[in-house]
Structures are given as C-alpha cells and as structure tokens.
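Spelled out, the chains give:
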Amino acid sequence: MADRAPRILAFSGSTRRESLHRPLLRLAVRAAEAEGVPCTVVDLRDPPLPIYDGDLEREQGLPEAAVRLRELMAAHRGLLLASPEYNGHPTPLLVNALDWMSRAPGARPDLSPFAGVVGALVAASPGPFGGIRGLAVVRGLLANLGVTVLARQAAVGSAPDRLAPDGTLRDEGARRAVEAVGRDLARHVLALER
Ligand SMILES: Cc1cc2nc3c(=O)[nH]c(=O)nc-3n(C[C@H](O)[C@H](O)[C@H](O)COP(=O)(O)O)c2cc1C
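Let me sum up the structure you'll find in this document. A quick note: this is a predicted structure, and the numbers were derived from the prediction, not measured.

1. Describing the pattern of salt bridges
Now for step 1: The final tally for this structure, using the stated rule, is 11 salt bridges.
Now for step 2: One salt bridge connects E85 with R133, and the closest N-O pair in it is separated by 3.1 Å. Pair noted here: E85 is in strand β4 (residues 85–86) and R133 is in helix α5 (residues 132–145), with a separation of 48 residues, a long-range link.
Now for step 3: When the shortest N-O distance is used, the salt bridge between E172 and R175 registers 2.8 Å. Separated by 3 residues within a single helix, E172 and R175 lie in helix α7 (residues 172–193), roughly one turn from each other.
Now for step 4: Given the relative accessible area of 38%, E172 is considered partly exposed.

2. Some remarks on the site of the ligand
Now for step 1: Of all residues adjacent to the ligand, which total 13 residues, the nearest are R16, S19, H21, E85 and S125.
Now for step 2: Within the contact set of the ligand, an oxygen atom lies 2.8 Å away from a backbone nitrogen or oxygen of L20.
Now for step 3: Between the ligand and the protein, one listed contact pairs an oxygen atom with a side-chain N or O atom of S125 at 2.6 Å.
Now for step 4: Notes on the ligand: free accessible area 620 Å², of which the protein chains cover 71%.
Now for step 5: Considering only residue class, the shell around the ligand consists of 4 nonpolar, 6 polar and 3 charged.

3. A look at helix α3 (residues 64–74)
Residue pairs three or four apart in sequence face the same way in an α-helix, which turns once every 3.6 residues.
Now for step 1: Buried residues of α3: A65, A66, L69, R70, L72, M73 and A74, and no others.
Now for step 2: Buried-residue contacts for α3 involve β1 (5–12), β2 (39–42), β3 (76–82) and α4 (92–101).

4. Considerations on empty space enclosed by the protein
Now for step 1: Scanning the entire structure with this criterion turns up 1 cavity of 30 Å³ or more.
Now for step 2: The calculated volume of the largest cavity comes to roughly 50 Å³.
Now for step 3: D43, L44, D46, P47, L49, A65, R68 and L69 are the residues that line the largest cavity.
Now for step 4: Residue composition of the lining of the largest cavity, by class: 5 nonpolar, no polar and 3 charged.

5. Let's talk about the environment of I8
Now for step 1: Relative to the helices and strands, I8 resides in strand β1.
Now for step 2: Classification of I8 by relative accessible area gives buried; the value is 0%.
Now for step 3: Spatially, the C-alpha atoms of I8 and V189 are 8.0 Å apart, while their sequence positions differ by 181 residues.

Reading guide: rules and limits
- Residues numbered from 1 in each chain as written.
- Predicted model: local features only at pLDDT ≥ 70, side-chain atom pairs only at ≥ 80, totals over all residues.
- Heavy atoms only, no water.
- Salt bridge = Lys/Arg side-chain N within 4 Å of Asp/Glu carboxyl O.
- Helix = DSSP H or I, 4+ residues; strand = E, 2+ residues; numbered from the N terminus.
- Buried < 20%, exposed > 50% of the residue type's maximum accessible area, 1.4 Å probe, protein only.
- Near = heavy atom within 4 Å.
- Polar contact = N/O pair within 3.5 Å; in protein donor to acceptor, adjacent residues only side chain to side chain.
- Areas by Shrake-Rupley, 256 points an atom, 1.4 Å probe, with all protein chains shown as cover.
- Nonpolar A, V, L, I, M, F, W, Y, C, P; charged D, E, K, R; others polar.
- Contact = heavy atoms within 4.5 Å.
- 1 Å grid on protein atoms, 1.4 Å probe; cavity = no way out; pocket = protein on both sides within 12 Å on 5 of 7 lines; lining within 4 Å.
- Points joined across faces, edges and corners; volume = space filled by probe spheres on them.

Structure representation (structure tokens):
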C-alpha cells in the first residue's frame, strides 16, 4: 500500500489549549527537521474523530478524518507521538485515533498503514515520572500495529516547572533528551531509505 517518503507524521494525544505536549512535540519535531527530515504535524481535533463504534463503521465506513490519517501514515516512514498519561495509560484520544487508523476498508491486513513504520515517543507530566508508564502501553500498542518503536524515549517529569511560558524547555537535560528522540527518529528514517 505504502509509497512512503522519508518524512515523519507527528501528533499528540492531547489537544488541550494549554497542553504540555504541544511544545514537547514541537521540540522533537524541530530536532528531526534539523536532521533534514520534514515532519507533518496533525492536530487530532482538526477534524475530530468519533469514538470508535463498530456499528458506525459498518453503516458508514471509516470517517473522513480516519481515512485522512491512514493516508498520511501510509505516506510517511516515521511516526512521532507525544503521549500524555492518564492513570498509567495513553489518553482515550490517542488510542481512539490509532484504533480508527488500524481499521482497513474490508479489514485487509495487507493494507495496514503502519507496516514498516519506525516510531518514537515523548511524554511530559506534572508528576515526577513524566508519563513513563503510559509510554510503555503505547509502545505495546504500536508494536501490535507493526510499528518498530525506537528504544530512545523522553518522559519529562515536573513539566509545568520546566516549561517556560513560550513553550521552551528550561531544563537543559530534559530539552536534550526530547531533542535526541526527534534526532534519533530522523536518523532511522533516513537510514531506511538507503
Ligand atoms: C484523567 C487523568 C488522569 C491522569 N493520570 C495521570 C497519571 O497517571 N500520571 C501522570 O503523570 N499524570 C496524570 N495526569 C496528569 C496529566 O499528566 C496532565 O494533566 C498533563 O498535563 C496532560 O497532558 P497535556 O498537558 O498535554 O494535556 C492525569 C490527568 C488526567 C486528566
């Protein structure tokens, strides 16, 4: 299915206006682009997806937003996710998007937009562990979809104290860790082209 370009599709599991994950994703995206890999950043609120519903799928097919996300994924080699943690899990918003994206018209597994994709994860939270428990769950979910998720990840704890009002990460170590994720993903994406 996929005619992939050495590009990265990036989105966040939070669309909250004051989301910690928006600046976090931006930082990782900039690091990837500095390596020469363009990124496509999408907002899961624009347009919103309904909660997955098998009856809706059977009666109306995939929502347009799901088709668009699938097509975008199929055209990108990399996937960068900023994944907030809710009660030790990724957000329903993120899981719902991935669930819809995993649904092929006619349920043909050979049409998976995730096959051959390389992924990377970042998270942040007001708590001390930065959402690291949620990342373990997203990692497993993505592996089930056929994404190879890089070992390197960043989970920024106490994030509201470390993020400046303009969205820059004041903490040097945390900033480097997030940038390293974007850079590492970009390098893997480029390596797959050779
Ligand atoms: C329902 C809910 C559950 C949460 N559970 C956790 C949690 O398990 N671990 C954690 O570190 N933060 C938890 N938080 C706090 C989130 O990390 C925090 O709201 C964060 O800012 C969400 O990401 P965002 O700023 O990008 O929206 C939870 C928040 C909500 C609303």
